[in-house]
Amino acid sequence: MQRTTLGSLDVSAQGLGCMGMSEYYGTSDWDTSIQTLHHALEAGVTLLDTADQYGAGHNEVLVGRGIAGRRDEVQLATKFGIDRSSGDENRVHRGDPPYVKRSCEASLLRLGVDHIDLYYLHRPPQNAEIEETVGAMAELVTEGKVRHLGLSEVSADLLRRAHAVHPIAAVQSEYSLWTRDVEQVTPTMAELGIGLVPYAPLGRGFLTGSVNTETLDPKDFRARNPRFTGDAGAQNQVIADTVRAIAERLGVLPAQVALAWVYAQAQRLGVSVVPIPGTRHAERLDQNVASLDVELDAEAMEQLQPLSDMVQGGRYADRGVR
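- Going by the annotation in an unreviewed UniProt entry, the name recorded for the protein chain is Aldo/keto reductase, with Mycolicibacterium tokaiense given as the source organism.

1. Points about helix α7 (residues 230-250)
Right, so step 1: The end-to-end C-alpha distance of α7 is 31 Å, a good match for the 30 Å that 21 residues give at a rise of 1.5 Å each.
Right, so step 2: In α7, a bend of some 25° at Asn236 exceeds every other bend along the element.
Right, so step 3: By the burial criterion, the buried members of α7 are Ala232, Gly233, Asn236, Ile239, Ala240, Thr242, Val243, Ile246 and Ala247.
Right, so step 4: Close packing links the buried residues of α7 with α8 (254-269) and α10 (298-304).
Right, so step 5: Two residues or fewer after α7 comes Gly251, characterised by a positive phi angle close to 75°.

2. Observations regarding the packing of aromatic side chains
Right, so step 1: Scanning the model with the defined rule gives 3 aromatic pairs in all.
Right, so step 2: Consider the rings of Phe80 and Tyr119, whose centres lie 4.9 Å apart with planes at 25°: the pair is stacked. Taken together, the residues span a long stretch of sequence, with Phe80 in strand β5 (residues 75-80) and Tyr119 in strand β8 (residues 116-121) at a distance of 39 residues. No difference in accessibility class separates Phe80 from Tyr119, as the two residues are buried.
Right, so step 3: Ring geometry for Trp178 and Phe206: centres 4.8 Å apart, planes at 15°, overall stacked. Here Trp178, found in the loop between β10 (168-174) and α6 (186-192), pairs with Phe206, found in the loop between β11 (195-199) and α7; they are 28 residues apart in sequence, far enough to count as distant.

3. Quick notes on the environment of Leu16
Right, so step 1: Summarising the element assignment, Leu16 is placed in strand β3 (residues 15-17).
Right, so step 2: Relative accessible area serves as the criterion here: at 1%, Leu16 is assigned to the buried category.
Right, so step 3: Distance in space between the C-alpha atoms of Leu16 and Val45 is 6.9 Å, their sequence separation being 29 residues.
Right, so step 4: Here Leu16 is in contact with Met21, Leu37, Ala40, Val45, Leu47, Leu48, Asp49, Ile276, Pro277, Gly278, Thr279 and Leu285, once residues within four sequence places are set aside.

4. A few points about the pairing of β8
Right, so step 1: With 6 of 6 residues buried, β8 is to be regarded as a mostly interior element.
Right, so step 2: Examined bridge by bridge, β8 and strand β9 (residues 146-152) share 5 bridges and lie parallel to one another. By the bridge assignment, Leu121 is partnered in β9 with Leu151.
Right, so step 3: You can see the chain leave β8, run along helix α4 (residues 130-142) and come back into β9, and the turn it takes is right-handed.

5. A short note on the sheet that holds β3
Right, so step 1: With parallel pairing, 7 strands are arranged side by side in an open sheet as β3-β4-β5-β8-β9-β10-β11. Looking along the sheet, the strands with just one partner apiece sit at the ends: β3 and β11. Between one strand axis and the next, the sheet turns through 25° on average, direction left out of account.
Right, so step 2: Sheet topology places strand β4 (residues 47-49) next to β5; 3 bridges connect them, and they run parallel. Across the sheet, residue Leu48 finds its bridge partner in β5, namely Leu76.

6. As for the nonpolar core
Right, so step 1: Ranked by size, the top nonpolar core spans 76 residues in total, and within it Leu16, Leu159 and Leu304 carry the most contacts.
Right, so step 2: Counting residues per element, this core draws most heavily on α8, at 9 residues.
Right, so step 3: Those residues in contact with Leu304 that sit more than four places away from it in its chain are Leu177, Val243, Ile246, Val257, Trp261 and Leu296.
Right, so step 4: One finds Leu6, Ala170, Val197 and Tyr199 within the second-largest nonpolar core, a separate group that totals 14 residues.

7. A few points about the packing of helix α1 (residues 30-42) against helix α2 (residues 58-66)
Right, so step 1: At a closest axis distance of 9 Å, the pairing of α1 and α2 adopts a crossing angle of 55°. In terms of orientation, α1 and α2 fall into the oblique class. Seen along the crossing, α1 lies across α2 with a hand that is right-handed. Where α1 abuts α2, its residues Trp30, Ser33, Ile34, Leu37 and His38 lie against His58, Val61, Leu62, Val63, Arg65 and Gly66.

Calculation rules
Residues numbered from 1 in each chain as written. Predicted model: local features only at pLDDT ≥ 70, side-chain atom pairs only at ≥ 80, totals over all residues. Heavy atoms only, no water. Helix = DSSP H or I, 4+ residues; strand = E, 2+ residues; numbered from the N terminus. Expected span 1.5 Å × (residues − 1). Bend = angle between axes of the 7 residues up to and from the residue. Buried < 20%, exposed > 50% of the residue type's maximum accessible area, 1.4 Å probe, protein only. Contact = heavy atoms within 4.5 Å. Phe/Tyr/Trp six-rings, centres within 6.5 Å; stacked < 30°, edge-to-face > 60°. Pairing = 2+ DSSP bridges. Right-handed = clockwise from strand over helix to strand, strands pointing away. Axes fitted to C-alpha atoms, helices over the stretch in contact; angles between N-to-C directions. Core = buried A, V, L, I, M, F, W, Y, C linked by side-chain atoms within 4.5 Å. Parallel < 35°, antiparallel > 145°, perpendicular 65-115°, else oblique. Left-handed = near helix turned anticlockwise from the far one by under 90°.

Okay, structure coming up:
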């Protein structure tokens, strides 16, 4: 496994997004998920990504059990800030300092660890200034409970303000062939030496060509996602078809083409890029890791580059799951 850095944090060149092991993508299995976590470590995938809101804490407990006895092998990332305690329709993006401190303590307990390697603010706070929130996060670093700080889905202005309070190691944002909004922020990230951690780099599975919206589990939020359903879903199929055709020509899988494109953007953007594709299955994890060895030729890059301009439908049906 190749290695890279997010700020000064040394991590595997590909991470594992663990959200789907607990929520949003239909029924999951605890034992299978634990086996996949173990397999990830054996494959050298050591950046594990979770959050306190995934499964209302279930995911942090799961990841904690998965790394028990192997803590030194892992760069553990978790997030706080989406308060769902009053229901999803009334969720609040919080960043008030007492909440920051309580959230960290609760995550440490669920994870069964004494420190978090990379602690993200999940969304810009609605009830505090970014300086207040990052100031409280910085105190966690001073206390030894957190090693590095990150932000998720943040603007360039907020990133600068946050970085002025304490160095930010990484920005986690959705980034893939059909979601490139974060490119508005990457110039600032490059200037400040901040890494990019793309979540949903496979377009939540759409780019793999393996998602059938008619057979999705009722608990799978993609069944209600604007990009997957109705006329938008039908029109977006040409994107998945393009990725599949390129994969067939190159003799690789569509998922590997989509991930290879994400990796190929690092030089252009001037930032380290560490995607965290999520999976519950060891076989899929191996396929994703193999994308590190896939090189896209000029023809493929020319075909892939304009796909984001063709996307129909919003990223979320509501205020978002991540």
